Amino acid sequence: MRTKLTHGKKTKRFLMSLDHFEMSVLFALVCSVVLGLVTKRTDEARLRYGLYCFGCFMVALFGIGWFMRLLHG
Amino acid sequence: MKEMPAASANVATSAPLRSSFLVVAVGWLIPGAGHLLLGRRGRGAILFVTILITFAIGIMLHGPLFQPGGAGDVLSRLIQYGGFIGDLAVGLPYLLARWLGYFPPDVAGHNPDYGSKLIVAAGLLNILAMVDAYEINSRQKD
């Protein structure tokens, strides 16, 4: 995923480009993995809590997204 | 006399596995290494990969590193210092990036903005990992 952004006369090359949704999902994923690992005692509880955290992130992401869309009409 | 063995056994089970300073310092320097030191290889490996990927994507997005100090109001300085602590918490990857001359300009755009947040997030996740390693070492959890 290479992209080229132009700021005035200067051209900046990025190795990678993410949109807001991709960034949010990536952030939710890494946070859920670490939160699941460090907060629970058994592997099953860690997996469940990680999935729960990821689900909460997704609900918040889509919920706030739709809320903002409704606000803007 | 009969209570002495029980008391010494109690002390032995609550004693830390290793030096707390060593576990936290190694965990800071290399994400997940504190867990590896304590024999939690799986957890250490997952933490290492997760935190390193977060940091690497932040670098690939050309996220600028925070600098402590500088001019500005209290809120700006608070953000700069907080961001710097978050960056520094990544440990060796951050130090290597600085040493290798990674210093992208703070330009406008969503990619560098996301990048700087991911680098700080990697540091904050590493702080969670260090606290977890400390608790394992002090036998507060398995």
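Just so it is clear, the model here is predicted, and its values are computed rather than measured.

Caption draft 1: Molecular detail of the interface of chain A and chain B. If you look at the interface, chain A gives 25 residues, while chain B gives 25 residues. Across the chain A to chain B interface the summed buried area is about 2,300 Å²; carbon plus sulfur atoms make up 72%. Applying the counting rule to chain A against chain B returns zero salt bridges. Counting across the chain A and chain B interface gives six residue pairs in polar contact (both at pLDDT 80 or more). Listing elements by their share of the side of chain A that touches chain B, those giving two or more residues are strand 1 (3–7), strand 2 (10–14) and helix 1 (20–39) of chain A. For the side of chain A that touches chain B, the leading source of residues is helix 1 of chain A, giving twelve residues. Each residue belonging to the side of chain A that touches chain B can be placed in one class, and the counts come to 15 nonpolar, five polar and five charged.

Caption draft 2: Main features of unusual backbone geometry. All names here are of chain B. Backbone geometry places H62, a non-glycine residue, at a positive phi of 60°. Its place among the elements puts H62 in the loop between helix 4 (41–60) and helix 5 (74–88). Judged by relative accessible area, H62 falls into the buried class, the value being 17%. Backbone geometry places R139, a non-glycine residue, at a positive phi of 65°. Here R139 is to be found in the segment after helix 7 (110–137). Judged by relative accessible area, R139 falls into the partly exposed class, the value being 40%.

Caption draft 3: Quick peek at the packing of aromatic side chains. Residues and elements named next belong to chain A. By the definition in use, this model includes three aromatic pairs over all chains. Taking the centre distance of 6.1 Å and the plane angle of 80° together, the rings of F27 and F57 count as edge-to-face. Taken together, the positions of F27 in helix 1 and F57 in helix 2 (residues 43–72) put the pair 30 residues apart, joining distant regions of the chain. A relative accessible area of 31% means that F27 is categorised as partly exposed. Over the ring of Y49 we find K40; its NZ or CZ atom is 4.8 Å from the centre of that ring.

Caption draft 4: Up close: the pattern of salt bridges. All told, the structure shown has six salt bridges over all chains when counted by the stated rule. When the shortest N-O distance is used, the salt bridge between E44 of chain A and R48 of chain A registers 3.2 Å. Of this pair, E44 of chain A and R48 of chain A both sit in helix 2, four residues apart, roughly one helical turn. Among the ionic pairs, E135 of chain B bridges to K141 of chain B, the shortest N-O distance being 3.5 Å. With relative accessibility at 24%, the residue E135 of chain B sits in the partly exposed group. We classify K141 of chain B as buried; its relative accessible area is 13%.

Reading the values: the criteria
- Residues numbered from 1 in each chain as written.
- Chains lettered and ligands numbered in written order.
- Predicted model: local features only at pLDDT ≥ 70, side-chain atom pairs only at ≥ 80, totals over all residues.
- Heavy atoms only, no water.
- Contact = heavy atoms within 4.5 Å.
- Buried area = accessible area lost by both parts, 1.4 Å probe.
- Salt bridge = Lys/Arg side-chain N within 4 Å of Asp/Glu carboxyl O.
- Polar contact = N/O pair within 3.5 Å; in protein donor to acceptor, adjacent residues only side chain to side chain.
- Helix = DSSP H or I, 4+ residues; strand = E, 2+ residues; numbered from the N terminus.
- Nonpolar A, V, L, I, M, F, W, Y, C, P; charged D, E, K, R; others polar.
- Buried < 20%, exposed > 50% of the residue type's maximum accessible area, 1.4 Å probe, protein only.
- Phe/Tyr/Trp six-rings, centres within 6.5 Å; stacked < 30°, edge-to-face > 60°.
- Lys NZ or Arg CZ within 6 Å of the ring centre and 35° of its normal.

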